[in-house]
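# Commentary on secondary and tertiary structure
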Amino acid sequence: MNEIITADGYPKLVYVFNDSLPGPVLHVYQNQTVRIRIHNDFPTESLSVHFHGIRQVNTPESDGVGRITQLSILPGSSFQHEFVALDTGTFWYHSHVQSQIAMGLLGGFVVHPREVITQEEKGEFVLVLTDWQHFYTTEQHHLLIESGQFYLNSLESLKTSGTIDFYEAVDGSRAAEALVTSILINGRGQYFDPHAENDRSSTTPLEYLRVDSASNNAVYRLRLINGGSVFSMKFSIDDHPLKVIASDGIPFAEPMVVDQLVIGLGERYDVLITVAKKRAINYWIRVDTMDKNNNPRWHARAILQYTTDTIMPTSQPRKCTTNQPCLILNCPFTQYGPNSAKSLICLTPLDLTTHPDHLDRELLDETTIPDVRKTLQLTIVGRTDKQAGFESFNYIGMKYPSIDKPVLYNARRIRKKFACSKRLLASDTGEKCYHTITAEYNNIVELLLINHDDDQHPLHLHGSYFHIVEFGLAQLNSTTGLIKANNPNVYCDEHARCSCTKENGACKKNNMRLVKDTVQLPKGGYMRIRFRATNPGVWLFHCHTEPHLDRGMTINIHNQYLNEIVIDYDTNNEGNNDNFHQPQVSSSYGM
Ligand SMILES: [Cu+2]
């Protein structure tokens, strides 16, 4: 049974790596050279595979973004990635083409330290959390790009038939127009059909983690990955407090012990749990969303198993009361739901601090003047008779150039040839073009990111970590818990020209010391991030909500080499698109 892909029990087309959903977890040691060959055995679709969180220092050609760092791998062809695993931690790999993550093309990737200093952990588990849907994403992708909506049928008919549900978080923010039908833990879950007369849930098997019931204080590490397509997830285990120690591979200054943990799309968290006192029973592992209406479809369960046989748990989540409130870490808002602030305490990213060994003090210092500064407002270009609507930065949606070589191999020329118009844009007049930021080698880059859209957007940078130096959340109505106003520190006009309000001197105040490669930017909030452009290449900075990425919420950062030497893409690679033999990467590309 273990080899059978059951997902949530609903028959549908699934894309997988090595016959497994999710793909196999890849384990390597720090500083090992990793060589991975991707062979595309699909009959019709192309793909490329990105190793999320791997910095690819000096190997930008292995970053796996189709049309940007390589040609997408055609059916019958292969591509070989080769890179050094510089950082320890929890990472993942996934397709970077046309919403194929939602079809199943993802897996965990763990970089272990060479030497373990103290072995306090009895074992570890990788948990890949995914939102699952019954649609075929290639069809959706084309509909989305051409018409701005996912479906052939009218929205109303899909709602009435119960085919789709709409997601609204407890703060009133949305996710992408959600077609999510269930949530899977390591590829296993159950589909709840609200229209079935009885037996509303499928009976497909659940994931279980087998832990030792013999020892009293055994500690296990959970490596949690949100590999979903549209939803943030909320993770907990009945009667097992979560000791959260690291995110995106980087340890926190202090571990934080909480009841629940919110994981944004693309984020990873390392969590320690200690075995329960009562070990003759099993416990529910719960993955929920922050859905306001508590939709019964959007809950997943797995089993923390102490007993020899798989006995279904009967455990309950801890009761959250005013006297003993529950702590929720990484909330994208300051209060969870209406009037509940007393029994649920939200810890936001402002409560997270990176371990001092991983902080770059010059980046945190407000007297440091960045070499490159850019403001990006997360925007929606509305649907008109002439064009489909799209998610964008400053009303500019990314359009990959139609060329026969990857952008990386002729970056400077492509950046100029396909550049955006610099016209004044607004929600009714967006533009699609090749949207870039250029940085010279070793520049300090600062991005001010503002979200006045209705959705939450998880943002991910390829090629390096970033320091979040300032963070601000929306203002809530404390009775309802709903967002009542954007954070007042930043103001944007209708053309996405944003500035800090002068009165309080915001956008100059360092209030964060957090290093990440992926972070949720909540509705109504803003964030200032900094990084050093020390890794030459073409690197995406994008929203990780798959439909948003597909529609255009991406900007490419061109990190230039110290000395610009233009080399050409190996002509041997043209024609058959078989990049098994890599182009010679000598000193640089034409950045
Ligand atoms: Cu987004």
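Residues numbered from 1 in each chain as written. Predicted model: local features only at pLDDT ≥ 70, side-chain atom pairs only at ≥ 80, totals over all residues. Heavy atoms only, no water.

A few words now on the sheet that holds strand β18 (residues 326–329). The strand order across the open sheet built from seven strands is β9-β17-β16-β11-β14-β18-β19, with neighbouring strands paired in mixed fashion. Pairing within the sheet leaves two strands with one partner each, and these edge strands are β9 (208–210) and β19 (344–347). Across the sheet, the mean angle separating the axes of adjacent strands is 20° when strand polarity is ignored. Judged from the six bridges that link them, strand β16 (residues 283–288) and strand β17 (residues 299–305) form a sheet pairing that is antiparallel. In the sheet register, Asp-288 faces β17, and the bridge partner there is His-299. (Pairing = 2+ DSSP bridges. Helix = DSSP H or I, 4+ residues; strand = E, 2+ residues; numbered from the N terminus. Axes fitted to C-alpha atoms, helices over the stretch in contact; angles between N-to-C directions.)

This next bit is on the side chain of His-96. Topologically, His-96 is positioned in the loop between β5 (89–95) and β6 (106–112). Note on His-96: relative accessible area 9%, which makes it buried. Among all residues touching His-96, those that are not within four sequence positions of it are Ser-48, His-50, Gly-64, Val-65, His-462, Leu-540, His-542 and Leu-549. (Buried < 20%, exposed > 50% of the residue type's maximum accessible area, 1.4 Å probe, protein only. Contact = heavy atoms within 4.5 Å.)

Cis peptide bonds are those with omega within 30 degrees of zero, and the linkage from Leu-21 to Pro-22 qualifies with -10°. For Pro-22, the position within the fold is in the segment before β1 (23–29). Residue Ala-7 is not a glycine yet carries a positive backbone phi of 45°. With respect to the element layout, Ala-7 can be found in the segment before β1. Even without being glycine, Asp-239 reaches a positive phi, approximately 60°. Relative to the elements of secondary structure, Asp-239 occurs in the loop between β11 (233–237) and β12 (242–247). For Asp-239, a relative accessible area of 51% puts it in the exposed group.

Formed by 85 residues in total, the largest nonpolar core has its most connected members in Phe-235 and Phe-541. The residue makeup of this core includes at least three contributed by each of domain 2 (132–355) and domain 3 (359–573). Those residues within four positions of Phe-235 in sequence are excluded, and the remaining contacts are Leu-127, Leu-129, Leu-222, Leu-224, Leu-242, Asp-259, Gln-260, Leu-261, Ile-263, Ile-285, Arg-286 and Val-287. (Core = buried A, V, L, I, M, F, W, Y, C linked by side-chain atoms within 4.5 Å. Domains from an automatic or database assignment.)

Looking now at the layout of surface pockets. In this structure, the largest pocket encloses a volume near 1,200 Å³. The wall of the largest pocket is formed by 46 residues, among which Thr-88, Gly-89, Gly-249, Pro-251 and His-358 lie closest to the centre. If you list the elements that add at least two residues to the lining of the largest pocket, you get β6, β7 (121–132), β10 (219–226), β12, β13 (250–258), β15 (268–274) and β34 (526–532). The residue makeup of the lining of the largest pocket, split by class, is 18 nonpolar, 15 polar and 13 charged. Of the pockets and cavities examined, the second largest pocket occupies roughly 720 Å³. Along the wall of the second largest pocket there are 28 residues; nearest its centre are Arg-67, His-141, Ile-145, Tyr-400 and Asp-550. Sorting the residues of the lining of the second largest pocket by element identifies α1 (137–147) and α5 (546–551) as the ones contributing at least two each. Broken down by class, the residue content of the lining of the second largest pocket amounts to nine nonpolar, 13 polar and six charged. (1 Å grid on protein atoms, 1.4 Å probe; cavity = no way out; pocket = protein on both sides within 12 Å on 5 of 7 lines; lining within 4 Å. Points joined across faces, edges and corners; volume = space filled by probe spheres on them. Nonpolar A, V, L, I, M, F, W, Y, C, P; charged D, E, K, R; others polar.)

Mapped onto the secondary structure, His-542 falls in strand β35 (residues 537–543). Assessed through its relative accessible area of 0%, His-542 is described here as buried.

The next point concerns the state of the cysteines. Counted under the stated rule, the structure contains three disulfides. A sulfur-sulfur separation of 2.0 Å characterises the disulfide bridge that pairs Cys-420 with Cys-433. In this structure the cystine formed by Cys-420 and Cys-433 twists about its S-S bond by roughly 95°; its chirality is therefore right-handed. Residue Cys-420 is found in the loop between α4 (411–417) and β23 (431–433), and its partner Cys-433 is found in strand β23; the two are separated by 13 residues along the sequence. Across this residue pair, the class does not change: Cys-420 and Cys-433 are buried. A disulfide bridge connects Cys-492 with Cys-498, and the sulfur atoms are separated by 2.1 Å. The S-S bond linking Cys-492 to Cys-498 shows a torsion near 105°; that makes this disulfide right-handed. Assigned by exposure class, Cys-492 and Cys-498 land together as buried. (Disulfide = S-S within 2.5 Å.)

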